[in-house]
Structures are given as structure tokens and as C-alpha cells.
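Okay, here's what each chain looks like letter by letter:
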Amino acid sequence: MRHAQPEPGAGQSEKTCGWRKKAIRAGARVRVYPYGAITVGQRGEELSDLEGMAESVVAFSDDGHGVQDGELMERAMLRAKALDKLIVAHCEVNALLTKGGCIHDGRWARAYGFPGISSESEWRMVERDIGLVRKTGCRYHVCHISTEESVMLIRQAKAEGLPVTCETAPHYLLLCEDDLQDEGRFKMNPPVRSSQDRDALLDGLLDGTIDCIATDHAPHSAEEKAKGLRGSAFGIVGLETALPTALYESGGDRDCAADAAGGGTLSESAANLQNSRRKTGTRRGRRPDGDSHRCAPCHQPRRFPLAGTRHALCRLAG
Ligand SMILES: [Zn+2]
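None of these values were measured; they are calculated from a predicted model. (Residues numbered from 1 in each chain as written. Predicted model: local features only at pLDDT ≥ 70, side-chain atom pairs only at ≥ 80, totals over all residues. Heavy atoms only, no water.)

> Please give an account of the packing of aromatic side chains that cites residues and values.
Tallied over the full model, the rule gives 2 aromatic pairs. Geometrically, the ring pair formed by Trp108 and Tyr112 is tilted, given 4.5 Å between the ring centres and 40° between the ring planes. Of this pair, Trp108 and Tyr112 both sit in helix H4 (residues 107-112), 4 residues apart, which is roughly one turn of that helix. On the basis of an interplanar angle of 25° and a centroid distance of 5.6 Å, the ring pair of Trp108 and Phe114 is categorised as stacked. By relative accessible area, Trp108 is classed as buried at 9%. An aromatic cluster of at least three residues, connected via ring pairs, comprises Trp108, Tyr112 and Phe114. In this structure, Lys187 packs its charged tip against the face of Phe234, placed 4.5 Å from the ring centre. (Phe/Tyr/Trp six-rings, centres within 6.5 Å; stacked < 30°, edge-to-face > 60°. Helix = DSSP H or I, 4+ residues; strand = E, 2+ residues; numbered from the N terminus. Buried < 20%, exposed > 50% of the residue type's maximum accessible area, 1.4 Å probe, protein only. Lys NZ or Arg CZ within 6 Å of the ring centre and 35° of its normal.)

If you want it as C-alpha cells, here you go:
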């Protein structure tokens, strides 16, 4: 899953979805599974024509925005459940955000005087939505979790047997606030958090609380990312580096890395979550196509924050 604008969700769904479907069929080199917006224009005010879009999309999401109104989210879940579709949530409570917040509200932000983004702004919405899943029975997936509290809440929800899944992104597994520099390449939403959060995410990945690694790939121009932490746009690229960073994170165990990165957390789990009928290109337990991936780190964009990891794959591949 990469970060993209969901289908807008305006009334005439065949019109709004049709041209995208046509473009995907005509030009896509990879498999594309579109989401439909939960609310019209992702504005969080009224529900989209979920039924009208259901044929064209695999799930509903307002990614980029949290759905602030719990009652609206509950109605979305009821309708998504009736359609047997997944609700995919970007969890962020606007009322808990500080003006100008650009990095994790933690030790580093306080030391250097940056406005922060609290962990609570993420996990409060995870908590609310899990309560709604309990009520509605809707299948529910949380995008790019970054906090220890989110891991704990989702772990409990799974233990309860609720249909809840989640993902995190490579940068939350490899970086924490101690790695920050006042550069735009370290600015993403949610932000990289404390080392305690990072460790909790790794534990969550290992014990199955976190179902997959997704990139939240959000490219910007060099100009947009050249204004330091305060002024740069939110969002980083990650598509090109997800595999090498997952390999790096595996600590050099090639079989484990192949299983985790090639067959499991980066592809198969994501397909399963979306009820995708088509199988992904790799199977659990099989190595990914090593040769085709081997050049990827060399093409790593300079603006990616994980610059130090770029030779990891080459080292592992020997
Ligand atoms: Zn998002």
C-alpha cells in the first residue's frame, strides 16, 4: 500500500471511478488496488456513495485525514460491513494536534524547540475505532502505526478476536527521534517517534500484531523538501527502499529476510488483507527475485532519510 488519493467518493461513482479503472487497465505495470474515499472529498462531513463505488475499489479510506466524527465512522463501518469491504484508517485526532507540529512531541522536540505531534493524536483514534469495530463487526485496518500505544491496543483487539489489522512503514522500524536532523527528509506524518515506540513496533512485527510493512510512499519535489523540519512538506518516498530496509532490519539472516520481505510482510499479507484474489509474485518461504532487486539500492533517491542503509542489500546479497 502506498499513499495515494483515494477515489473522491462523490455521488456519481461510475463516472469518478471509471476513468481511473480505464487508466489502470491501460497503463499500469504493477497491480493497482484502488480505495474509495469514506467521506465525500475526504472532508469528513458526509459519507461517500460507498455502495456505488464498491465494484471498483477494494476498501474505503480517507488516508491523509482522520475521520474526526465517531458517529460518521460508525455508519461507514456498518455500510462497509454490509458490502464486505475493509475500512482503512489514517488515525489522527485533529483536536490533539499542536499548531505547526512537525516531529514527534518528545525529548528531541523539546531539546531543540520544535512544535511536536503527540502520540495521543494517533492512538486515541485507534482506540475509538476499535470500540466501533466491537459494535459493528466491520473489518478494519490501521495505516502506518507509529506508537507503542497503538501496538498495545491492536494486540488487545486481536486477542479479543476482533477483525483488526495494521501496518507500519520501514522508517518507523529503523528510525527514532534520536536520528533526526533539521532536514525535510525527516519529516513525515505520523513522525518517527521515540526509541521505545520503535522497539514496540519491532516487537509487534515479530509477534504478528503488525500484519504488514507498507511504504506510505509520498513523493515531493526537492524544493518542497528543502525547507527544514518546520517548512517542508510532510511525506517521504519509500517504495524503492522498502525491500532493502526490511532486509537490513532482518539483521543479515537471508532466509528470514526473504520470508519477511519478499513473501510475507511486504506483499502476501497486504494482498490477504484486501481479499485480493490474485496471488502476489512471491510465496512465503521463497526468496524474492534477488537479482531484480539487487540494483534497487543504487537508485535510492537522495531525499530518503535512510541513506545509511543503502548498501545493506548488497552486503546481504553477497
Ligand atoms: Zn495516512
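> With reference to specific residues and values, describe the pattern of salt bridges.
Overall, the coordinates contain 14 salt bridges when judged by the stated rule. Across the pair Asp84 and Arg139 runs a salt bridge, and its minimum N-O distance is 3.7 Å. Of the two residues, Asp84 sits in the loop between helix H3 (70-82) and strand S3 (86-89) while Arg139 sits in the loop between helix H5 (120-136) and strand S6 (140-142), which places them 55 residues apart along the sequence. The salt bridge involving Arg198 is made with Asp199; its shortest N-O contact spans 3.3 Å. A single salt-bridge network, built from bridges that share partners, covers Glu120, Arg124 and Glu127. (Salt bridge = Lys/Arg side-chain N within 4 Å of Asp/Glu carboxyl O.)

> Which residues make up the packing of H5 against helix H6 (residues 148-159), and what are the values?
For the pair H5 and H6, the least separation of the axes is 9 Å and the interaxial angle reads 15°. Classified by the angle their axes make, H5 and H6 are roughly parallel. Both H5 and H6 take part in a crossing whose hand is left-handed. Only Glu149, Ser150, Leu153, Ile154 and Ala157 of H6 make contact with H5, whose side of the interface consists of Glu122, Trp123, Val126, Glu127 and Ile130. Here the contact of H5 with H6 is composed, by residue class, of 6 nonpolar, 1 polar and 3 charged. (Axes fitted to C-alpha atoms, helices over the stretch in contact; angles between N-to-C directions. Parallel < 35°, antiparallel > 145°, perpendicular 65-115°, else oblique. Left-handed = near helix turned anticlockwise from the far one by under 90°. Contact = heavy atoms within 4.5 Å. Nonpolar A, V, L, I, M, F, W, Y, C, P; charged D, E, K, R; others polar.)

> I'd like to hear about the coordination of the zinc ion, residue by residue, with values.
Protein coordination of the zinc ion is provided by Asp63 (OD), His90 (ND1) and His144 (NE2), with donor distances spanning 1.9 to 2.2 Å. In primary-sequence terms, the residues that donate to the zinc ion follow D-x26-H-x53-H. With Asp63 in the loop between strand S2 (59-61) and H3 and His90 in the loop between S3 and strand S4 (103-104), the pair connects residues that are 27 residues apart, well separated along the chain. (Donors = N, O, S within 2.8 Å, 3.2 Å for Na, K, Ca; no water.)

> An account of the environment of Leu83 is requested, with residue identities and associated values reported.
Mapped onto the elements of the fold, Leu83 is located in the loop between H3 and S3. In sequence terms Leu83 and Ala59 are 24 residues apart; their C-alpha atoms lie 9.8 Å from each other. In contact with Leu83, other than residues within four places in its own chain, are Leu50, Glu51, Ala54 and Phe60.

> For the packing of H3 against H5, give the residues involved together with the corresponding values.
Helices that pack against each other are described as a pair by the angle of their axes relative to one another and the distance between those axes. With their axes 10 Å apart at the nearest point, H3 and H5 run at an angle of 45° to one another. By the criterion of interaxial angle, the relationship of H3 to H5 is oblique. Along this stretch, H3 crosses H5, giving a crossing that reads as right-handed. On the side of H3, the interface is formed by Gly70, Met73, Glu74, Met77, Leu78 and Lys81, while H5 contributes Arg128, Asp129, Leu132, Val133, Lys135 and Thr136. Counted by class, the contact of H3 with H5 contains 5 nonpolar, 2 polar and 5 charged residues.

> Can you tell me about the pairing of S3, naming the residues and giving the values?
Regular strands have side chains that alternate between both faces of the sheet. Alternating positions in S3 separate into two faces, Leu86 and Val88 on one and Ile87 and Ala89 on the other, with burial throughout. In the sheet, S2 pairs with S3 via 3 bridges, with the strands oriented parallel. Along S3, the bridge assignment pairs Ser61 with Val88. Once you follow S2 into H3 and on to S3, the crossover reads as right-handed. (Pairing = 2+ DSSP bridges. Right-handed = clockwise from strand over helix to strand, strands pointing away.)

Shape is all these values report; function is a separate question.
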